[in-house]
Amino acid sequence: MKITGMLKKMNRTLLEMQAGMLFFGMVCQAVILLFAGEWGFYTASLWFGVAFAFAACIHMYRTLDRALMCGADAPKLVTKGYIFRYVIFAVALVIVALTEVMSPIVFFIGYMSLKVTAYLQPITHKLCNKLFQETDPVPEALPEESVVREESDIPSGE
């Protein structure tokens, strides 16, 4: 129960994204084990890419969190964070390609787990709700919104 308590304290969206990355990594790992001849080479490439995606996800979370506190400078901060992440990724991809220590294509696929998690998020959200025994709240209109909406729905006599 200590682990679930720690996970509950974590940002929920970040947790769901990281769970999706791990799931995607495991699916890719199964494909590597079934079809690749040099599975150690491809496994290292894949999990290095997934680790980079984890780091990018955490950086994105922290950048957006800081941007929400900034106010008018938020767009600049988000843009700087975006450029920083992709420059670091591009440098890592070039190093991987030039050194030939890992497969750059499999490294790229591992990094793309960051993108795949956006599509897996509804599934990971439901799984996290089951794990933590929670349900999503039902959205309700605020009292002042319903009054304004009712007044605007009344046709004018003009």
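Scroll up a little and you will see the structure.
Residues numbered from 1 in each chain as written. Predicted model: local features only at pLDDT ≥ 70, side-chain atom pairs only at ≥ 80, totals over all residues. Heavy atoms only, no water.

Engineer: Run through the packing of aromatic side chains, naming residues and quoting values.
Structural biologist: Per the counting criterion, the structure on display carries 9 aromatic pairs. The interplanar angle of 75° and the centroid separation of 5.6 Å between the aromatic rings of Phe52 and Phe107 together place this pair among those described as edge-to-face. Here Phe107 lies in helix 5 (residues 104-111) and Phe52 lies in helix 3 (residues 39-70), a separation of 55 residues in the sequence. According to the relative accessible area criterion, Phe107 is buried, its value standing at 0%. Arranged with centres 6.1 Å apart and planes meeting at 40°, the rings of Phe89 and Phe108 form a pair that is tilted. With Phe89 in helix 4 (residues 74-99) and Phe108 in helix 5, the pair connects residues that are 19 residues apart, well separated along the chain. What makes Phe89 buried here is its relative accessible area of 6%. The structure contains a cluster of three or more aromatic residues connected by ring pairs, namely Phe48, Phe52, Tyr82, Tyr86, Phe89, Phe107, Phe108 and Tyr111. (Phe/Tyr/Trp six-rings, centres within 6.5 Å; stacked < 30°, edge-to-face > 60°. Helix = DSSP H or I, 4+ residues; strand = E, 2+ residues; numbered from the N terminus. Buried < 20%, exposed > 50% of the residue type's maximum accessible area, 1.4 Å probe, protein only.)

Engineer: Give a detailed account of the side chain of His125, specifying residues and quantitative values.
Structural biologist: With respect to the secondary-structure elements, His125 resides in helix 6 (residues 113-131). Setting aside its immediate chain neighbours within four residues, His125 contacts Arg12, Glu16 and Asp136. (Contact = heavy atoms within 4.5 Å.)

Engineer: Summarise the nonpolar core; cite the residues concerned and give the values.
Structural biologist: Counting 13 residues, the largest nonpolar core has Met17, Met21, Ala53, Cys57, Phe107, Tyr111 and Leu114 as its most contacted members. Those elements that place two or more of their residues in this core are helix 2 (12-35), helix 3, helix 4 and helix 5. Each residue touching Leu114, except ones within four places of it in the same chain, is listed here: Met17, Met21, Ala53, Ala56, Cys57 and Met60. The next biggest cluster of nonpolar side chains, apart from the first, holds 6 residues, and it includes Phe24, Cys28, Leu46 and Val106. (Core = buried A, V, L, I, M, F, W, Y, C linked by side-chain atoms within 4.5 Å.)

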